[in-house]
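Coordinate analysis (summary)
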Amino acid sequence: MTFEATLEACGLLIERRLGEWLSADRHPNAPAHLLDAIRYAALGGGKRFRPFLVIETARMLGLPADAALEAGAALECVHCYSLVHDDLPAMDDDDLRRGRPTVHRRFGEATAILVGDALLTLAFEIAASPSAHSDPAVRNELVSRLAQAAGSAGMVGGQTLDLAAEGRFASDGGEIAVGQRHPLTLSRPAVERLQSLKTGALISFGVEAGAILGRAGPGERQALARYASALGRAFQLSDDLLDAEGDASVIGKATAKDGNRGKATLVGLLDIAGARTELARLEAEATSALACFGDRARTLVAAAHFMASRRS
Ligand code: GRG
């Protein structure tokens, strides 16, 4: 099976599980308009790369896909919420996501904010449910680590640094008006810190969740954390390269936005050729971190290769 086929198969499993969690039967008291918008945001699109990492890491440690589906679905809910909020006019102000109008363009801004809120809270309902794992201690670790990855010392913190780099915040913490903002020039370590929080934290949680479910030992967890760190950096760098070079009709979202906004990216610091070299280096780093797992890690190795070579 090719890596793309494996990713697609995981995506179908997650789509089905999310569809069950978001069925009208499960939410008898939710306003129909809100549930429609939540389903629009969470179903029918996306690579489902983060849940793939949960499922595949757990599989490598001996678990069937079923055992990792809830943790993967919970993580995908957090990811989908972040996309909905990131697209809002107050953030990146995007019209297109996953090849369709963004949630606020389709349902309005207030509903989009509520969709994000509902998906974030649903994530924790799923991760805390007995179907996520029979052992409450394992569920507790999943919930706690997901909260840390998503929160102010993780993804939300990274998003804040990203907005700060656009020159949005005054020294008193207030917001500077559009047109009067001056993007900051970030050093490479500062860009890497921003990205490790904004994008890396959820990617790392995906691998970590698989390790938690598969009860990986301390050495294995360290190796997987090194893999996830390199993979997260490769993910962001390839996303930045797609923004710089990609075709919006293939990617399903606007491109060339980072350069136009003066966004802090590694592509901006390294140029395209330097970014491609760095991407190859990160793939090698991710691959070597998995050496202790031998051939069992072949699909995770293929994931790093996919990230380093994707064109959409
Ligand atoms: C609003 C709290 C908050 C956070 C937003 C995720 C994020 C932080 C911003 C999205 C903007 C962006 C382009 C980030 C770079 C990497 C990224 C998350 C890309 C989108 O993820 P994919 O490629 O998307 O996995 P699909 O659609 O395949 O799920």
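The structure this text deals with has already been given above.
First, a word on scope: everything that follows refers to the structure included in this document. (Residues numbered from 1 in each chain as written. Predicted model: local features only at pLDDT ≥ 70, side-chain atom pairs only at ≥ 80, totals over all residues. Heavy atoms only, no water.)

Description of the packing of helix H3 (residues 49-60) against helix H10 (residues 218-245)
In helix packing, the relevant descriptors are the interaxial angle and the interaxial distance, both defined with respect to the helix axes. Selection rule: Geometry is summarised by axes, namely lines fitted to C-alpha atoms with helices restricted to the contacting stretch, and by angles between N-to-C directions that run from 0 to 180 degrees. Secondary structure elements are defined from DSSP: runs of H or I of at least 4 residues count as helices, runs of E of at least 2 residues count as strands, and each element is numbered from the N terminus. Angles below 35 degrees are treated as roughly parallel, those above 145 as roughly antiparallel, those between 65 and 115 as roughly perpendicular, and all remaining angles as oblique. Handedness of each helix crossing follows the sense of rotation of the near helix against the far helix: counterclockwise by less than a right angle gives left-handed, clockwise gives right-handed. Note on contacts: a residue pair qualifies if any of its non-hydrogen atoms lie within 4.5 Å across the two residues. Note that Gly is not counted as nonpolar here; it falls among the polar residues with everything else outside the nonpolar set of Ala, Val, Leu, Ile, Met, Phe, Trp, Tyr, Cys and Pro and the charged set of Asp, Glu, Lys and Arg.
At a minimum axis separation of 13 Å, H3 and H10 run at an interaxial angle of 155°. Between H3 and H10, the angle falls in the class roughly antiparallel. Considering the relative orientation of H3 and H10, their crossing is right-handed. Each of Phe49, Arg50, Leu53, Thr57 and Met60 in H3 lies in contact with H10, whose residues at this interface are Leu224, Tyr227, Leu231 and Phe235. A per-class count over the contact of H3 with H10 returns seven nonpolar, one polar and one charged.

Re unusual backbone geometry
Inclusion rule: Partly exposed residues are those whose accessible area sits between 20% and 50% of the maximum for their type, while under 20% is buried and over 50% is exposed, using a 1.4 Å probe and protein chains only.
Positive phi values are uncommon outside glycine, yet Arg48 reaches one of about 60°. By the secondary structure assignment, Arg48 is in the loop between helix H2 (32-42) and H3. We note that Arg215 has phi near 50°; this positive angle belongs to a residue other than glycine. The exposure class assigned to Arg215 is exposed, which follows from its relative accessible area of 54%.

Some thoughts on the nonpolar core
So the rule is basically this: The criterion is simple. A nonpolar core is a set of buried Ala, Val, Leu, Ile, Met, Phe, Trp, Tyr and Cys residues joined through side-chain atoms within 4.5 Å.
Within the largest apolar cluster, 90 residues are counted, with the highest numbers of intra-cluster contacts made by Phe49, Leu53, Leu119, Leu224 and Tyr227. A per-element tally of this core places helix H9 (residues 188-213) first, with eleven residues. Here Leu224 is in contact with Thr57, Met60, Leu61, Val207, Ala211, Leu290, Phe293 and Leu300, once residues within four sequence places are set aside.

As for the site of the ligand
Filter applied, for reference: Nearness here has a simple test: a residue counts as near a molecule or strand if at least one of its heavy atoms is within 4 Å of that partner. N or O atoms closer than or at 3.5 Å make up a polar contact, with two conditions inside protein: a donor-capable atom paired with an acceptor-capable one, and, for residues adjacent in sequence, both atoms drawn from side chains. Each accessible area is a Shrake-Rupley estimate made with a 1.4 Å probe; only the visible protein chains count as cover when residues are assessed.
By nearness alone, 18 residues border the ligand, and Lys47, Arg50, His79, Asp86 and Arg98 come closest of all. Here Lys47 contributes a side-chain N or O atom positioned 2.6 Å from an oxygen atom of the ligand. Between the ligand and Arg50 there is a distance of 2.7 Å, counted from an oxygen atom to a side-chain nitrogen or oxygen. Contact with the protein chains covers 92% of the free accessible surface of the ligand, which is 700 Å². Elements that contribute at least two residues to the shell around the ligand include exactly helix H4 (69-86), helix H8 (155-165), H9 and H10. Examining the composition of the shell around the ligand, we find that five residues originate from one element, H4, more than from any other. Across the shell around the ligand, the residue classes break down as four nonpolar, seven polar and seven charged.

Concerning H2
Within the sequence span of H2, burial applies to Leu35, Ala37, Ile38, Tyr40, Ala41 and Ala42. Packing partners of the buried residues in H2 comprise helix H1 (3-21), H4, strand S2 (100-101), helix H5 (103-107) and helix H6 (109-128).

Comments concerning the side chain of His104
Tracing the backbone through its elements, the reader meets His104 in helix H5. Among all residues touching His104, those that are not within four sequence positions of it are Asp87, Leu88, Pro89, Asp93, Asp94, Glu109 and Ala112.

Here we look at empty space enclosed by the protein
Quick reminder of the rule: Only protein atoms enter the 1 Å grid, on which a cavity is a set of points fitting a 1.4 Å probe that cannot get out and a pocket is an open set with protein on both sides within 12 Å along at least 5 of 7 lines, lining residues being those with an atom within 4 Å of a point. Grid points are joined across faces, edges and corners, and a volume is the space filled by probe spheres set on the points.
The tally for this structure, following the rule as stated, stands at one cavity of 30 Å³ or more. Approximately 110 Å³ is the volume attributed to the largest cavity. Forming the walls of the largest cavity are Tyr40, Ala41, Cys80, Leu83, Val84, Asp87, Arg97, Arg98, Arg100, Pro101, Thr102 and Val103. Of all the secondary structure elements, the ones that give two or more residues to the lining of the largest cavity are H2, H4 and S2. Among the elements that take part in the lining of the largest cavity, H4 stands out by supplying three residues, more than any other. Looking at the lining of the largest cavity residue by residue, the classes come out as seven nonpolar, one polar and four charged.

Thoughts on the environment of Ala244
Note on placement: Ala244 falls in helix H10. Given the relative accessible area of 43%, Ala244 is considered partly exposed. Residues Ala244 and Ala280, 36 residues apart in the sequence, show an inter-C-alpha distance of 18 Å. With near-sequence residues (within four places) excluded, Ala244 lies in contact with Val267 and Ile272.

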